[in-house]
Amino acid sequence: MFDVEKIRKDFPILNREVNGKPLVYFDNAATSQTPIAVIESIVDYYSNYNANIHRGVHTLSQEATNAFEKARQKIQKHFNAKESYEIILTSGTTHGINLVASGFSSILEKGDEIIVSALEHHSNIVPWQMLCEKTGALLKVIPMTPKGELDITAYDELLSSNTKLVFVNHVSNALGTINPIKEIIDKAHQYGAAVLIDGAQATPHIKPDVQELDCEFYTCSAHKICGPTGVGMIYGKEEWLNKLPPYQGGGEMISEVTFEKTTYADLPHKFEAGTPNIAGVIAFGVALDYMNQIGFDQIESYEQELLKYATKKLLEIDDIVIYGTSENKAAVISFNFEGIHPYDIGSIIDKLGIAVRTGHHCAQPIMDYYKIPGTIRASFAFYNTKKEIDHFIEALLRAKAMLS
Ligand SMILES: *Cc1c(COP(=O)(O)O)cnc(C)c1O
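Since we're looking at a predicted model, the values are computed, not measured. (Residues numbered from 1 in each chain as written. Predicted model: local features only at pLDDT ≥ 70, side-chain atom pairs only at ≥ 80, totals over all residues. Heavy atoms only, no water.)

**Here's the deal with the pairing of strand β4 (residues 87–90)**
Link 1 in the chain: The alternating pattern of β4 places I87 and L89 and I88 and T90 on opposite faces, both of which are buried.
Link 2 in the chain: By the bridge criterion, four bridges tie β4 to strand β10 (residues 232–236) in an arrangement that is antiparallel. The residue bridging I87 from the neighbouring strand is Y235, located in β10. (Buried < 20%, exposed > 50% of the residue type's maximum accessible area, 1.4 Å probe, protein only. Helix = DSSP H or I, 4+ residues; strand = E, 2+ residues; numbered from the N terminus. Pairing = 2+ DSSP bridges.)

**As for the nonpolar core**
Link 1 in the chain: Ranked by internal contacts, the top residues of the largest apolar core, which has 112 residues, are V166, Y218, M233, L314, F335, F382 and F392.
Link 2 in the chain: No other element matches helix α11 (residues 278–294), which puts twelve residues into this core.
Link 3 in the chain: Shared between two domains, this core holds at least three residues of each, these being domain 1 (4–30 + 295–403) and domain 2 (39–293).
Link 4 in the chain: In this view, F335 contacts L314, I320, V321, I322, Y323, T375, I376, F392 and L396; residues no more than four positions away in its chain are not counted.
Link 5 in the chain: By size, the runner-up hydrophobic cluster in this structure holds 24 residues, among which are V100, L108, L131 and F217. (Core = buried A, V, L, I, M, F, W, Y, C linked by side-chain atoms within 4.5 Å. Domains from an automatic or database assignment. Contact = heavy atoms within 4.5 Å.)

**Considering the site of the ligand**
Link 1 in the chain: Near the ligand the following residues occur: T93, T94, H121, N124, N173, D198, A200, Q201, S221, H223 and K224.
Link 2 in the chain: The separation between a nitrogen atom of the ligand and a polar side-chain atom of N124 is 3.1 Å.
Link 3 in the chain: Here an oxygen atom of the ligand sits 2.6 Å away from a polar atom, N or O, in the side chain of S221.
Link 4 in the chain: Expressed as a share of its isolated accessible area of 380 Å², the protein-covered part of the ligand is 85%.
Link 5 in the chain: Of the residues in the shell around the ligand, the class split is one nonpolar, eight polar and two charged. (Near = heavy atom within 4 Å. Polar contact = N/O pair within 3.5 Å; in protein donor to acceptor, adjacent residues only side chain to side chain. Areas by Shrake-Rupley, 256 points an atom, 1.4 Å probe, with all protein chains shown as cover. Nonpolar A, V, L, I, M, F, W, Y, C, P; charged D, E, K, R; others polar.)

**Quick look at helix α2 (residues 36–49)**
Link 1 in the chain: With 14 residues, α2 should cover 20 Å at 1.5 Å per step; its first-to-last C-alpha distance of 19 Å lies within 8% of that length.
Link 2 in the chain: Within α2 the residues assigned to the buried category are V38, S41, Y45 and Y49. Buried positions in α2, seen along its axis, are confined to an arc of 60° and lie on one side of it. Relative to its buried face, α2 has exposed residues pointing more than 90 degrees away, namely Y46 and S47.
Link 3 in the chain: Summarising the contacts, the buried residues of α2 are in contact with α3 (59–79) and α11. (Expected span 1.5 Å × (residues − 1). Arc of directions from axis to C-beta.)

**Thoughts on the sheet that holds strand β5 (residues 113–117)**
Link 1 in the chain: On the basis of which strands lie adjacent, the open sheet formed by seven strands has the order β4-β10-β9-β8-β7-β5-β6 and mixed pairing. Whereas interior strands pair on both sides, the edge strands pair on one side only; in this sheet they are β4 and β6 (138–142). Each neighbouring strand pair of the sheet contributes to a mean axis angle of 20°, computed without reference to strand direction.
Link 2 in the chain: The sheet contact formed by strand β9 (residues 217–221) and β10 spans five bridges and is antiparallel. (Axes fitted to C-alpha atoms, helices over the stretch in contact; angles between N-to-C directions.)

Take a look at the structure:
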């Protein structure tokens, strides 16, 4: 049975106070909180078997290597990748996206096209713009609809035999929309295009199956799935990982001999230059274990309950506008009160212990679409409660009264 009070005991930070009030943490889309099992795995690593991996014959190095590779296998299993070497361990989603973008610079030619969606994290639009500048490829954008969904009819029209790569997020961080990625992937494949899915915002809520999705690449960050910051993964189909050149290590700067004989030889090491965040990767595996123990079905249905409850309560407040009204949404709500700047609300409710995000959420094109400077974004996790939502609503009413 799903017992939220029991789950909350696993998260030490949820006990703290902020400005003399109990913390209500609704900024999970920016980063999730960390359960004690994950924290302990990091302490255990540094206390008992800290050593560099894949290098030494000594016991500590072997223990660290085994734990690191075991974590890779947990990640493989979680995402249902065919092979463990199709899981490349990275510093996070941004790293994964740049790895693919950089690799495609040796594949794309002038006149080729890349399709991205209007719902992207804007720091993730930049790598594609850089890639297009370098290669002469064209960047096309799948437009969005007023409900905050992707316009699939427009996508159909953008696709052609020139399309080489499609990049879409699984769930929009700014609005919470769950995109129909299976449909997007299948359509891209009809034109022979590869698809990279940004799963940073989906993986806290959904357990993706990369073989069933049949995407070429899928990337995410551990810190949004109860793991530590600075760690993530990118899944790539074996044939595509073989096709792409190594990302780090300076390419030309490395002599052929070193390049061939050492770390870059085989997958996944070809893409894992330098000493990785060993403790972080091990903790990533523990975070997935933790969430799988609770169960993603349970997590998803509980979070949907929170989403429904909060949406209903918010809509009872006057002058509220909710952005992103798709029926397929993860537990994220972006909204504003007419005539009040989101930042002002955010600062007042922080005084009441409530953590939400205000601003453009790194998704400026979405804000431009709605002609707003930003929103207040409340994003929920499975350790949040309806009681917290009630506090949040009371705080919003107080803030609104002060500012109107
Ligand atoms: C958070 C996020 C990213 C960036 O993740 P990092 O861990 O900062 O690399 C990319 N895309 C989406 C949709 C996100 O929510």
